[in-house]
Amino acid sequence: MAYIFCIANQKGGVGKTTTTINLAAALAAIGQRVLMIDLDPQGNATMGSGVDKRQLQHSIYDVLLGESSLAQARVKSVWGEAAAKPGMATYHVLGANRDLAGAEVELVNLDKREMRLKQAIAEVVNDYDIVLIDCPPSLSLLTLNGLCAAHGVIVPMQCEYFALEGLTDLVNTIKQVHANLNKDLKIIGLLRIMFDPRITLQQQVSDQLKSHFGDKVFNTLIPRNVRLAEAPSYGLPGVVFDPAAKGSQAFIDFAKELVQRFKQEPQS
Ligand code: ATP
Ligand code: MG
């Protein structure tokens, strides 16, 4: 049985996709069997895993609408020349592209529309140790499908002035989904990303986060690191593009911390 985690924050551009692809690559590098699901019509997690979103034979859109099984639609991440480097394990990708934007409307009339992803994952769940779902920047029916399928949510966030305010909506949504649709769901942790310790405000917000959320804040900090930002233009996660970069090392540490955490918790 795999642990299934959503990477979610309805705020745009906070590092959800960067977290998803680098965590997927880091988990694969430490020996975990990983499925990465792109639940965002932008398809950035697909492209950032070396998979061309315009060339997908089947995408998550087909899976949600029941036109393809997940086993048929998944592909392997593509590292090209980077695969020659030692330790560059691949992971599986359920890709997305703009078709997915239409799914929202088409799903409305379908039975159990918020459970479609959960049902699809159930078929392949024994193939993996961990499934990561990259959510779009909204609390939409797509995100709801992710939340209904998952055991927990990883929330990447920047330590900025409005960060805590934005969290309230997400925490409330998670509470509602927990109460009504998915009793397994919980916040696994908050991940501080694009962190710059020289900025006093970021330190202050980070301290606030810790006093509000205690050990729900992951110990690992992901620094602001230009190599992580450059890597997607090569169709690679930073962890594969430049394994020695500070940001990549931080994601390896984060993968280890996460594995440690879920080993300690009984699976519900
Ligand atoms: P969206 O809400 O649009 O899906 P997102 O939350 O998935 O966005 P990303 O696309 O991961 O956010 O990141 C937004 C931008 O920040 C990207 O240009 C990315 O390269 C950059 N970025 C993310 N993390 C870091 C980091 N640790 N250091 C430097 N740049 C980063
Ligand atoms: Mg994204």
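Residues numbered from 1 in each chain as written. Chains lettered and ligands numbered in written order. Predicted model: local features only at pLDDT ≥ 70, side-chain atom pairs only at ≥ 80, totals over all residues. Heavy atoms only, no water.

> Could you give me a rundown of the side chain of Thr220, with the residues and numbers involved?
Within the secondary structure, Thr220 is located in strand β8 (residues 217-223). We classify Thr220 as buried; its relative accessible area is 12%. Of the polar contacts made by the side chain of Thr220, one reaches the side chain of Glu257; its length is 2.5 Å. The residues touching Thr220, leaving out its near neighbours within four places in the chain, are Leu191, Ala250, Asp253, Phe254 and Glu257. (Helix = DSSP H or I, 4+ residues; strand = E, 2+ residues; numbered from the N terminus. Buried < 20%, exposed > 50% of the residue type's maximum accessible area, 1.4 Å probe, protein only. Polar contact = N/O pair within 3.5 Å; in protein donor to acceptor, adjacent residues only side chain to side chain. Contact = heavy atoms within 4.5 Å.)

> Residue-level account of the pairing of strand β2 (residues 34-38), with values.
With five of five residues buried, β2 is to be regarded as a mostly interior element. Across the two faces of β2 the burial is the same, with Val34, Met36 and Asp38 and Leu35 and Ile37 all buried.

> How would you summarise the site of ligand 1 if you had to cite specific residues and measurements?
Neighbouring ligand 1 are 19 residues; Gly13, Lys16, Thr17, Thr18 and Asn225 lie closest to it. Note that an oxygen atom of ligand 1 is positioned 2.8 Å from one of the backbone N or O atoms of Thr17. Elements with a minimum of two residues in the shell around ligand 1: α1 (16-29), β7 (186-195), β8 and α10 (226-230). Of the residues contributing to the shell around ligand 1, the split by class is eight nonpolar, seven polar and four charged. (Near = heavy atom within 4 Å. Nonpolar A, V, L, I, M, F, W, Y, C, P; charged D, E, K, R; others polar.)

> Before we move on, could you go through the sheet that holds strand β1 (residues 3-7) and cite the residues and values that matter?
Taking strand neighbours across the sheet as the criterion, the eight strands line up as β3-β4-β2-β5-β1-β6-β7-β8 in an open arrangement whose pairing is mixed. Each of the sheet's edge strands pairs with one partner strand only, and the pair in question is β3 (75-76) and β8. The pairing of β2 with strand β5 (residues 130-134) spans five bridges and is classified as parallel. Along β5, the bridge assignment pairs Leu35 with Val131. Most of the contacts of helix α8 (residues 163-180) go to strand β6 (residues 152-157), to which it runs at about 165°, and overall it touches β6 and β7. Of the strands in this sheet, β1, β5, β6, β7 and β8 are in contact with helix α12 (residues 246-264), which crosses β8 at around 165°. (Pairing = 2+ DSSP bridges. Axes fitted to C-alpha atoms, helices over the stretch in contact; angles between N-to-C directions.)

> Outline the pairing of β1, listing residues and values.
In terms of residue burial, β1 counts as a mostly covered element, since five of its five residues are buried. Judged by which residues are buried, β1 turns out to be covered on both faces: Tyr3, Phe5 and Ile7 on one side and Ile4 and Cys6 on the other are all buried. Two strands pair when backbone bridges link them, and β1 and β5 are joined in this way by five bridges, in the parallel orientation. Note on β5: the bridge partner recorded for Tyr3 is Ile130. Sheet topology note: the β1/β6 ladder contains three bridges and is parallel. Across the sheet, Phe5 pairs through a bridge with Gly152, a residue of β6.

> Outline the packing of helix α5 (residues 99-107) against helix α7 (residues 141-149), supporting the account with residue identities and numerical values.
At their nearest, the axes of α5 and α7 sit 9 Å apart, and the two run at 85° to each other. Overall, the two elements α5 and α7 adopt an arrangement that is roughly perpendicular. Here Leu100, Glu104 and Leu107 of α5 come into contact with α7, specifically with Leu141, Leu142 and Asn145. Grouping the constituent residues of the contact of α5 with α7 by class yields four nonpolar, one polar and one charged. (Parallel < 35°, antiparallel > 145°, perpendicular 65-115°, else oblique.)

> Outline the pattern of salt bridges, listing residues and values.
Inspection of the entire model under this criterion finds eight salt bridges. With a closest N to O distance of 2.9 Å, Asp196 and Arg198 form a salt bridge. The exposure class assigned to Asp196 is buried, which follows from its relative accessible area of 12%. Of the charged contacts, one joins Asp242 and Arg227 as a salt bridge, the two residues approaching to 2.7 Å between their closest N and O atoms. On the criterion of sequence distance, the pair formed by Asp242 in the loop between α11 (238-241) and α12 and Arg227 in helix α10 is long-range, its members being 15 residues apart. Taking the relative accessible area as the measure of exposure, Arg227 reaches 30% and is therefore partly exposed. One network of salt bridges, with partners in common, ties together Arg227, Glu230 and Asp242. (Salt bridge = Lys/Arg side-chain N within 4 Å of Asp/Glu carboxyl O.)

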